[in-house]
Amino acid sequence: MSSKLIIALDFPSADKALDFVSQLSPADCKLKVGFELFVSAGPEMVRKLTEKGFDVFLDLKFHDIPNTVASVCKVAAKLNVWMMNVHASGGSKMMRAAHTALHDKEVKNTRSLKLIAVSVLTSMSNEQLQQTGVNALAKDQVIHLAGMAQQAGLDGMVCSAQEAPALRKKLGKDFLLVTPGIRPAGSAKGDQSRVMTPAAAIRAGVDYLVVGRPITQAKNPLEVIQQINAEVHGALQ
Ligand code: C5P
């Protein structure tokens, strides 16, 4: 079974990221490259990781006019990433343009490329959401945007594990749910407020777990990775 664990490579430089990655195996985890590492180390970093055989989730949350998002998705696909994301609040037309661009025959990506949506950032409270002019509760807005993403042809979305059961019910079993805010029992929460253990998240219907600091800042990262994989395996039985 391919690993359900995506490690967030939130490092400030290529050297630090590659040093950390040198101890990992693509059989044990996938890797997420977000703003920090991409801005410091660029597409070359992504190429190096895919050449090592890792499935890479390019977490750049594209949000712009449909034509621009479609173009950047095509360029990103050429990096041979496994997953990328766009903001659902960019609208149906934008999501459809991204989806169509990735199915262009010019795009030669050897992974089975997944396009997922970001809905309401988990850092937004109901009050903050209303300040942006959205008169819905955050949890309802997440469900609304998820439905739009599915209609636009996207493969899944980023969500919190707490939202997973309702989303699974509405979107069916094939829509991917990718979840940060995962904390193995006993590890520090950091700045995440609503956290769940790997086993509880899998039981809630999550497909992929995004874990950063509990692994990247651990004394023995491999031990934590093995623990999480074992926990996931147990929860799937
Ligand atoms: O270190 P930690 O496990 O908290 O890392 C979680 C990762 O998931 C970070 O890269 C963070 O940017 C990302 N993320 C998140 N919450 C969201 C979306 C993305 O924590 N709603």
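Report on the accompanying structure. What you see is a predicted model; the values in this text were computed from it and never measured. (Residues numbered from 1 in each chain as written. Predicted model: local features only at pLDDT ≥ 70, side-chain atom pairs only at ≥ 80, totals over all residues. Heavy atoms only, no water.)

**So, the packing of aromatic side chains**
Rules: Only centres within 6.5 Å qualify two rings of Phe, Tyr or Trp (six-membered ring in Trp) as a pair; their planes then separate them into stacked at under 30 degrees, edge-to-face at over 60, and tilted for everything else. Three exposure classes are used, based on accessible area relative to the maximum for each residue type with a 1.4 Å probe and protein chains only: buried under 20%, partly exposed in between, and exposed over 50%. Each helix is a run of H or I in the DSSP string that is no shorter than four residues. Each strand is a run of E no shorter than two, and both are numbered from the N terminus. For a ring to carry a charge above it, either NZ of a lysine or CZ of an arginine must fall within 6 Å of the ring centroid while also lying within 35 degrees of the normal to the ring plane.
Counted by the stated rule, this structure contains 2 aromatic pairs. Their ring planes at 40° and their centres at 5.3 Å tell us that F11 and F20 sit as a pair that is tilted. No difference in accessibility class separates F11 from F20, as the two residues are buried. Taking the centre distance of 5.1 Å and the plane angle of 80° together, the rings of W82 and Y208 count as edge-to-face. Remark: Y208 occurs in strand 8 (residues 208–211) and W82 occurs in the loop between helix 3 (66–77) and strand 4 (83–87); sequence separation between them is 126 residues. Here the basic side chain of K4 rests over the ring of Y208, its NZ or CZ set 5.6 Å away from the ring centre. The cationic tip of K30 hangs over the ring face of W82; the distance from NZ or CZ to the ring centre is 4.9 Å.

**What to know about the pattern of salt bridges**
Opposite charge on two side chains permits them to pair, given that their charged atoms come into close proximity. To be explicit about the condition: The term salt bridge refers to a pairing of a side-chain nitrogen on Lys or Arg with a carboxyl oxygen on Asp or Glu at a separation within 4 Å.
In the structure shown here, the tally under the stated rule is 8 salt bridges. Measuring nitrogen to oxygen at the nearest pair gives 2.8 Å for the salt bridge that ties R47 to E44. Placement of the pair is R47 and E44 together in helix 2 (residues 35–51), with a separation of 3 residues, close to one helical turn. For R47, a relative accessible area of 36% translates into the label partly exposed. A residue is classified by how much of its surface remains accessible, and E44, at 40% relative accessible area, is partly exposed. Residue D104 pairs with K74 through a salt bridge whose shortest N-O separation is 3.1 Å. In this pair, D104 is assigned in the loop between helix 4 (92–102) and strand 5 (114–118) and K74 in helix 3, connecting sequence segments 30 residues apart. Residue class for D104 comes out partly exposed when judged on its relative accessible area of 26%. When salt bridges with common partners are traced through the structure, they connect K32, D59 and K61 into a single cluster.

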